[in-house]
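Structural characterization, general
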Amino acid sequence: MVRVMKKLLLFSILMLLPISSYALECDYTEKARLKKLASNLNTSYIPIEVDNTVSFNVTISNIYPGLLIVDASSGIQYTYDESREKPSEITITNLKPDRTYRYEVYSTNEECNDSSLNIYYVTLPAYNSFYKDPLCEGIFDYKLCNKWYKTNITYDEFVKEITEYKRSLENTGNTETSQESGINPIIYFILQYYYVFIILFIAAVSYVIYVRRKRDSFGF
């Protein structure tokens, strides 16, 4: 009976060993260290424009050993590059505009990767291929001539909207000219050169003050 009890005790100890090993391999301190590293990653992107299309290169930097980055859209995994100095970076190419990409950060330690350490979202802007069209010359501030404006219209619709916009600008200019031509010539002259009258008024007031002080000093 005693021998059986010893065997049961030994078996119980052996069963507890993996749990103790897990606690040593991924304790609270290690988890906190990994979370801090995962929170300090940097993301950036640059557009690569070819003809009338664009793609993006996304760079994730400040990667330290122990971190595993997973592209949620493709499932591709990226880790610290041992051939580079700490920290390293990765560049993901040929990404499409007007999309949001999600990158999850895990630990390379299997005992610590039960959940993600952090999640990063990279939102890429939409691309407007019409912005280089000759019709946009001189009106680059118009929405349809903005490089990163989201539009799903056809080229014919683009031409129509641009034409209407330019016509509205011409009508606005004609309206302003008509309003100016309807102002009384004397009032229009005063409005155009009001600053001259202000200078003359200040000069006159200054002269009167000067003369009065001059008289007072001589007792007149």
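Please read all numbers here as calculations on a predicted model, not as lab measurements.

The rules behind each value
Residues numbered from 1 in each chain as written. Predicted model: local features only at pLDDT ≥ 70, side-chain atom pairs only at ≥ 80, totals over all residues. Heavy atoms only, no water. Pairing = 2+ DSSP bridges. Helix = DSSP H or I, 4+ residues; strand = E, 2+ residues; numbered from the N terminus. Axes fitted to C-alpha atoms, helices over the stretch in contact; angles between N-to-C directions. Core = buried A, V, L, I, M, F, W, Y, C linked by side-chain atoms within 4.5 Å. Buried < 20%, exposed > 50% of the residue type's maximum accessible area, 1.4 Å probe, protein only. Arc of directions from axis to C-beta. Contact = heavy atoms within 4.5 Å. Phe/Tyr/Trp six-rings, centres within 6.5 Å; stacked < 30°, edge-to-face > 60°. pLDDT = per-residue confidence, 0-100.

Once that is clear, we can look at the sheet that holds strand 2 (residues 53-63). Each strand in a sheet pairs with another by means of backbone hydrogen bonds, the pair being arranged parallel or else antiparallel. Read across the open sheet, the three strands follow the order 1-2-5; overall the sheet is antiparallel. Edge positions in the sheet fall to strand 1 (42-50) and strand 5 (88-95), since each has one partner strand and no second. Pairwise comparison of adjacent strand axes, ignoring direction, gives a mean angle of 20 degrees for this sheet. Both strand 2 and strand 5 contribute to a ladder of five bridges, which runs antiparallel.

Among the nonpolar cores identified, the biggest contains 27 residues, and Leu41, Ile60, Ile63, Leu67, Ile69, Leu95 and Tyr103 are the most heavily contacted of them. Those elements that place two or more of their residues in this core are helix 2 (28-38), strand 2, strand 3 (67-71), strand 5, strand 6 (100-107) and strand 7 (118-123). It is strand 2 that provides the largest number of residues to this core, a total of five residues. Phe130, Tyr142, Phe158 and Ile162 belong to the second largest nonpolar core, which has eight residues in total.

Glancing now at helix 2. All of the buried residues in helix 2 are Lys31, Leu34, Leu37 and Ala38. Viewed along the axis of helix 2, the buried residues span an arc of 125 degrees, placing them on a single side of the element. In helix 2, the exposed positions angled more than 90 degrees off the buried face are occupied by Tyr28, Thr29 and Lys36. At its buried positions, helix 2 is contacted by strand 3, strand 6 and strand 7.

Among the secondary structure elements, Pro87 is positioned in the loop between strand 4 (77-79) and strand 5. C-alpha separation for the pair Pro87 and Ile63, spaced 24 residues apart in sequence, amounts to 5.1 Å. Beyond its immediate stretch of four places on either side in the chain, Pro87 contacts Asn62, Ile63, Tyr64 and Tyr80.

Centre-to-centre distance and the angle between the planes together describe a pair of aromatic rings. If you walk through the whole model with that rule in mind, you get eight aromatic pairs. On the numbers, 5.6 Å between centres and 80 degrees between planes, the contact of Tyr45 with Phe56 is edge-to-face. With Tyr45 in strand 1 and Phe56 in strand 2, this residue pair connects regions lying 11 residues apart in the sequence. Each residue in the set Tyr45, Phe56, Tyr127, Tyr131 and Trp148 is aromatic and connected to the rest through ring pairs, giving one cluster.

The subject of this paragraph is the pairing of strand 2. Buried residues dominate strand 2, accounting for nine of its 11 residues. Both strand 1 and strand 2 contribute to a ladder of nine bridges, which runs antiparallel. The partner of Pro47 across the bridge, within strand 2, is Phe56. Between strand 1 and strand 2, which pair antiparallel one after the other, the connecting turn spans two residues, and Asp51 there sits at a positive phi close to 55 degrees.

Let's shift gears to the confidence of the model for the chain. On average, residues of the chain score 81 in pLDDT, and 74% of them reach the 70 mark or higher. By mean pLDDT, helix 1 (residues 2-25) is the weakest element of the chain at 44, and strand 7 is the strongest at 97. Confidence over residues 1-11 falls short of pLDDT 50; this stretch has zero contacts with residues more than four positions distant or in other chains.

Read across the open sheet, the four strands follow the order 4-3-6-7; overall the sheet is antiparallel. Looking at the sheet topology across the chains shown, the edges are occupied by strand 4 and strand 7. Within this sheet the neighbouring strands show an average axis-to-axis angle of 25 degrees, counted without direction. Examined bridge by bridge, strand 3 and strand 4 share three bridges and lie antiparallel to one another. Bridge pairing in strand 4 places Leu68 opposite Thr79. Helix 2 rests against strand 3, strand 6 and strand 7 of the sheet, and its axis sits at about 50 degrees to strand 3.

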